[in-house]
Amino acid sequence: MISEDIRRQYTVTIGIECHVQLKTKTKLFSGADNDAREAAPNTLVNHIDFGLPGALPVLNEKAVELASRAAFALGTEPQRFSKFDRKHYFYPDLPLGYQITQFYDPIIKDGEVTFTLDGEPKTVRIHEAHIEADAGKSTHPAGTDYSLVDLNRAGTPLLEVVSEADIHSPAEAKGYARELYLRMRYADVSDANLYYGNMRFDVNVSVSKTSELGKRTETKNLNSFRSVERAAEYEVERQIGLLEQGERIVQETRGWDDAGQKTFSQRSKEDSYEYRYMPDPDLPPVVLSDEYVADVAAAMPELPDAYRTKFSAMGLDAKTVEDVIADPSAAKLVGMVYDDAGPDTAKRVAFWLLRPQEDDETAAHEVEPTEVDTASQVKNLIALSHMVAENKLSSTAAKEVLDSMLKTGESPEAIAETKNLLQVSDEGAIAEIVAAVLAENPKAAGDVQNGEMKAIGFLVGQVMKQSQGKANPALATKLIKKQLGI
């Protein structure tokens, strides 16, 4: 473990490249299905993905639209002119012998991502983001001397978002990764399911005692915010330790061992000239009109910062706001409730839908967002909130109704009646129960009359028990005090 005194002598510099899988139905240049999550190996592949001689790529228009949307999510606009290039390297999972990407003229330049860390805003500039086709996947079965290749992922459309080296701590790296994830989700660019690798982070780390950047390492294919932070932390410690021992840092590609919580060397890091980039002769340039870009801008959904502003106005603290925003589908529902019914109703709904973050485990294992009848959900949530505000339902009963309501789409009134959960606010009926409870519990009644107000909780509990949970607790408390003359 490097001491803080030694660590403070070094400047940490981190840049992140993130591969975002675009949520198209088909692949980037072929008509093969783009959803390979549960598919058997090599079943979602056609002649283009196999790289058969004479097979010509055709650009997926939807991928361009989603990349254009991502530009606005990154605080910029798509480039009016972009084009594709070939990046040559030779792996078994790359049948073409090259990857189609955008090296010279990417679809996105500049932009920025701002997030808050420890109450302070941090801004990371975006160098560029380019569209490219993914490679296949090589697997190495344990205990065997062979490898297997699955080309289902070959040709999957990716947007590679490349940050500037503006990140200077592992915590900042995690914060940036999370905010980028949220922006891609809210912009509806990607399902961004980390568990299935819809977003993968490559973290470049260097340390230096001078203004000149040190040799960097790149830890590839991290699929959670926690692993981004811990891989960066490990590399900072490892590199400072080597330099303190008089050794040098090797520029290389490294992997992440999640079980061991450490990085490991994979191969030397290639320089760009080794890839022999050249314009792809089979694909024309992508030229976007001002009208096209304006249409994409007009169709942009609200991004996380808009929800942060709205939820803060509801009186939610910063931590709760981030917990709500962590689930885009819940945040959108709360936002619509706010627009239709105001802050008090929306605040109650926000706490009902709250899914506290356990670091990034929920994001990493999250299933595909559920499609719901949004207008119906909003109407039901508002109605449920009003029922609680009007003391027709207890908070406990409301949660039970909410669970059923989100699953079935039934109205909260119908569910509450079916489950016999409606509170009794009939003062006469509750007064009779209160009188019976006081008669059966003279000691507790006497304690309350003598100023021991803790005993009133017991009496209210007895009223709730006799009413089978239907009595309005506030009204029961009021009537107990009234009948005891206090």
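Structure shown above.
Residues numbered from 1 in each chain as written. Predicted model: local features only at pLDDT ≥ 70, side-chain atom pairs only at ≥ 80, totals over all residues. Heavy atoms only, no water.

Right, let's get into the overall build of the protein chain. Helices and strands together make up the secondary structure of the protein chain, namely 18 helices and 16 strands. By the compact-globule yardstick of 23 Å for 486 residues, the protein chain is too spread out, its C-alpha radius of gyration being 29 Å. Burial status across the protein chain gives 49% buried among its 486 residues. Counted over contacts in the protein chain with a minimum sequence separation of 6, partners at least 24 positions apart contribute 69%. Summed over its atoms, the accessible surface of the protein chain is roughly 23,500 Å², and 51% of this surface lies on carbon and sulfur atoms. Charge centroids of the protein chain, computed over 54 positive and 78 negative side chains, lie 3 Å from each other. (Helix = DSSP H or I, 4+ residues; strand = E, 2+ residues; numbered from the N terminus. Rg over C-alpha atoms; globule rule 2.2 N^0.38 Å. Buried < 20%, exposed > 50% of the residue type's maximum accessible area, 1.4 Å probe, protein only. Contact = heavy atoms within 4.5 Å. Areas by Shrake-Rupley, 256 points an atom, 1.4 Å probe, with all protein chains shown as cover. Lys, Arg positive; Asp, Glu negative; His and termini not counted. Charge placed at Lys NZ, Arg CZ, Asp CG, Glu CD.)

Following the criterion strictly, the structure yields 11 aromatic pairs and no others. Ring plane angle 80 degrees and centroid distance 5.5 Å describe the contact between Phe-29 and Phe-84, whose orientation is recorded as edge-to-face. Taken together, the residues span a long stretch of sequence, with Phe-29 in the loop between β1 (11–21) and α2 (47–50) and Phe-84 in the loop between β2 (81–82) and β3 (85–88) at a distance of 55 residues. When the centroid spacing of 4.9 Å and the interplanar angle of 80 degrees are considered together, the rings of Phe-103 and Tyr-104 count as edge-to-face. (Phe/Tyr/Trp six-rings, centres within 6.5 Å; stacked < 30°, edge-to-face > 60°.)

Our focus in this paragraph is the side chain of His-19. Relative to the assigned elements, His-19 resides in strand β1. Side-chain polar atoms of His-19 contact the side chain of Glu-160, separated by 3.4 Å. Apart from residues lying up to four places away in sequence, His-19 is in contact with Glu-132, Leu-158, Leu-159, Glu-160, Asn-198, Met-199, Arg-200 and Asp-202. (Polar contact = N/O pair within 3.5 Å; in protein donor to acceptor, adjacent residues only side chain to side chain.)

Below, the discussion takes up the nonpolar core. As a rule of thumb, nonpolar side chains are buried together in soluble globular proteins. Ranked by size, the top nonpolar core spans 99 residues in total, and within it Leu-159, Tyr-176, Met-199, Phe-201 and Phe-311 carry the most contacts. When neighbours within four sequence positions are excluded, Phe-311 is seen to be in contact with Leu-316, Val-321, Val-324, Ile-325, Ala-331, Val-334 and Gly-335. With 19 residues, the next largest nonpolar core counts Val-434, Ala-455, Ile-456 and Leu-459 among its residues. (Core = buried A, V, L, I, M, F, W, Y, C linked by side-chain atoms within 4.5 Å.)

Here we take up the side chain of Asp-447. Mapped onto the elements of the fold, Asp-447 is located in helix α16 (residues 442–449). With residues up to four places along the chain from it excluded, the contact list for Asp-447 reads Glu-452 and Ala-455.

Turning our eyes to something else, we now look at unusual backbone geometry. Of note in this structure, Asp-188 is not a glycine but carries a positive phi near 60 degrees. Turning to its location among the elements, Asp-188 is positioned in the loop between α4 (170–186) and β11 (199–208). Its identity is not glycine, yet Asn-391 carries a phi of approximately 60 degrees, on the positive side. Of note, Asn-391 is situated in the loop between α12 (374–389) and α13 (395–408).

Here we take up the packing of helix α15 (residues 427–440) against helix α17 (residues 455–466). Running from amino to carboxyl end, α15 crosses α17 at an angle of 125 degrees, the nearest separation of the two axes being 9 Å. The pairing of α15 with α17 is recorded here as oblique in orientation. Crossing hand, α15 versus α17: right-handed. Judged by residue contacts, Ile-430, Ile-433, Val-434, Ala-436, Val-437, Leu-438 and Glu-440 of α15 engage Leu-459, Gln-462, Val-463 and Gln-466 from α17. Here the contact of α15 with α17 is composed, by residue class, of 8 nonpolar, 2 polar and 1 charged. (Axes fitted to C-alpha atoms, helices over the stretch in contact; angles between N-to-C directions. Parallel < 35°, antiparallel > 145°, perpendicular 65-115°, else oblique. Left-handed = near helix turned anticlockwise from the far one by under 90°. Nonpolar A, V, L, I, M, F, W, Y, C, P; charged D, E, K, R; others polar.)

Here we take up the sheet that holds strand β15 (residues 278–279). With antiparallel pairing, 3 strands are arranged side by side in an open sheet as β4-β3-β15. Unpaired on one side and paired on the other, β4 (98–101) and β15 mark the two borders of the sheet. Examined bridge by bridge, β3 and β4 share 4 bridges and lie antiparallel to one another. Among the inter-strand pairings, His-88 is bridged to a residue of β4, identified as Tyr-98. (Pairing = 2+ DSSP bridges.)

Another aspect to go through is α12. An α-helix turns once every 3.6 residues. As a result, residues three or four positions apart point the same way. Taking 1.5 Å per residue as the helical rise, α12 with its 16 residues ought to reach 22 Å, and the 22 Å between its terminal C-alpha atoms agrees with that figure. Where α12 is concerned, the buried positions are Gln-377, Val-378, Asn-380, Leu-381, Ile-382, Ala-383, Leu-384, Ser-385, Met-387 and Val-388. Summarising the contacts, the buried residues of α12 are in contact with α9 (328–341), α10 (343–353), α13 and α14 (412–418). (Expected span 1.5 Å × (residues − 1).)

Moving on to the pairing of strand β12 (residues 217–222). Taken together, the 4 bridges between β11 and β12 define a ladder with antiparallel strand orientation. By the bridge assignment, Val-203 is partnered in β12 with Thr-219. Across 3 bridges, the pairing between β12 and strand β13 (residues 252–257) is parallel. When the sheet's bridge partners are listed, Glu-218 is paired in β13 with Thr-253. Regarding topology, helix α5 (residues 225–244) serves as the crossover connection from β12 to the parallel β13, and that connection is left-handed. (Right-handed = clockwise from strand over helix to strand, strands pointing away.)

By the alternation rule, side chains of β3 split into Asp-85 and Lys-87 and Arg-86 and His-88, which are all buried. Bridging between β3 and β15 involves 2 bridges; their strand directions are antiparallel. Looking across to β15, one finds that Arg-86 is bridged to Met-278.

Taken by themselves, the reported measurements are silent on function.
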